[in-house]
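Reading the structure
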Amino acid sequence: MRILLVEDEQHAAQMLAKGLRDQTYAVDVAADGEAALYQAGMNDYDLIILDVMLPLKDGFTVCRELRAAASAVPVLMLTARDAVQDRITGLDTGADDYLVKPFDFHELLARVRALLRRGPVLQPVQLKVADLTLETRSRLVRRGGKPIDLTAKEYALLEYLIRRADEVVTRADIAEHVWDETFDPFSNLIEVYIQRLRRKVDEGYARKLIRTLRGEGYRLTAGEEDELA
Ligand code: CA
């Protein structure tokens, strides 16, 4: 899942971005309201964490302009003071939730998870395809009840595939939602990670869940066999 973090205080932004990356999220950072709108227009973010007090355009304006442009991306607003009027304004401009600074990082993570579950349809805490299960809170992955040990990036890729189970997922989709803006589109990183996931998730099982659709992308499914790579 890819997050745009909009925060002008550099130290706070770095700490937050690092914490979120440790939790397997791909994170881009914008330091002012104009940059935030530009980046939100360029990339399909799964969530925006938006500080209210920002240079050039404040968080309220950014949120209002996003919604005016028909963006439905979930927005978690960070307000500096616990003023009722700030919260009302935030929600009225189209924010989905807010947190008052200073906040506890674990509360931020819980709200991020809750907002990501909403998406176009409410996603459960446990995601499941056949005998493969993924707990989004603990990030525990199991196949047939047996735990699978994944790195942060492997987990992020598997979570994205399982959220879009049965759909064809292109390389571009993966690059956009699992990696951040530093991703090199000419690298073979995605293929490498898919191979690693296959080894951990499918090896030794008769039913292969991760399929390659030549020239199209990948599909995670318990359904009938596709064209196999
Ligand atoms: Ca600020």
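Everything in this summary refers to the structure shown in the same document.

Another point: the overall build of the protein chain. Helices and strands together make up the secondary structure of the protein chain, namely eight helices and 11 strands. Its C-alpha atoms give the protein chain a radius of gyration of 19 Å, near enough to 17 Å, the size a compact globule of 229 residues would have. Counting only C-alpha atoms and orienting by the principal axes, one finds that the protein chain spans roughly 60 × 35 × 30 Å. Out of the 229 residues belonging to the protein chain, those deemed buried represent 47%. Residue pairs in contact within the protein chain that sit at least 24 positions apart in sequence constitute 55% of those at least 6 positions apart. A total of about 11,300 Å² of accessible surface is found on the protein chain, and carbon and sulfur atoms cover 53% of it. Across the protein chain, 32 positive and 39 negative side-chain charges occur, with their mean positions spaced 6 Å apart.

Nonpolar side chains tend toward joint burial in soluble globular proteins. Formed by 47 residues in total, the largest nonpolar core has its most connected members in Y25, I49, L108, V112, L132 and I174. Broken down by element, the residue count for this core peaks at seven residues, all from helix α6 (residues 152-163). When residues of this core are assigned to domains, at least three map to each of domain 1 (2-118) and domain 2 (126-220). Ignoring sequence-local partners within four residues, the contact set of V112 consists of I3, Y25, L47, I49 and L76. Among the nonpolar cores identified, the runner-up in size contains 19 residues, and L37, I48, V52 and C63 belong to it.

A cis amide bond, omega -5°, links K101 with the succeeding residue P102. Along the chain, the position of P102 falls in the loop between β5 (97-100) and α5 (105-118). Here the phi dihedral of A70 falls at roughly 70°; this positive angle occurs in a residue that is not glycine. Looking at the secondary structure, you find A70 in the loop between α3 (59-68) and β4 (75-79). With phi around 60°, R139 is a residue other than glycine that occupies positive phi space. You can see R139 is positioned in the loop between β7 (132-135) and β8 (141-143).

Before going further, it helps to spend a moment on the coordination of the calcium ion. The calcium ion binds to the protein through D8 (OD), E9 (OE), D51 (OD) and M53 (O), with metal-donor distances spanning 2.1 to 2.5 Å. Each donor residue of the calcium ion belongs to the same chain, with the gaps between them written as D-E-x41-D-x1-M. Pair noted here: E9 is in the loop between β1 (2-6) and α1 (10-22) and D51 is in strand β3 (residues 47-51), with a separation of 42 residues, a long-range link. The exposure class of E9 is partly exposed, given its relative accessible area of 40%.

The rules behind these values
- Residues numbered from 1 in each chain as written.
- Predicted model: local features only at pLDDT ≥ 70, side-chain atom pairs only at ≥ 80, totals over all residues.
- Heavy atoms only, no water.
- Helix = DSSP H or I, 4+ residues; strand = E, 2+ residues; numbered from the N terminus.
- Rg over C-alpha atoms; globule rule 2.2 N^0.38 Å.
- Buried < 20%, exposed > 50% of the residue type's maximum accessible area, 1.4 Å probe, protein only.
- Contact = heavy atoms within 4.5 Å.
- Areas by Shrake-Rupley, 256 points an atom, 1.4 Å probe, with all protein chains shown as cover.
- Lys, Arg positive; Asp, Glu negative; His and termini not counted.
- Charge placed at Lys NZ, Arg CZ, Asp CG, Glu CD.
- Core = buried A, V, L, I, M, F, W, Y, C linked by side-chain atoms within 4.5 Å.
- Domains from an automatic or database assignment.
- Donors = N, O, S within 2.8 Å, 3.2 Å for Na, K, Ca; no water.

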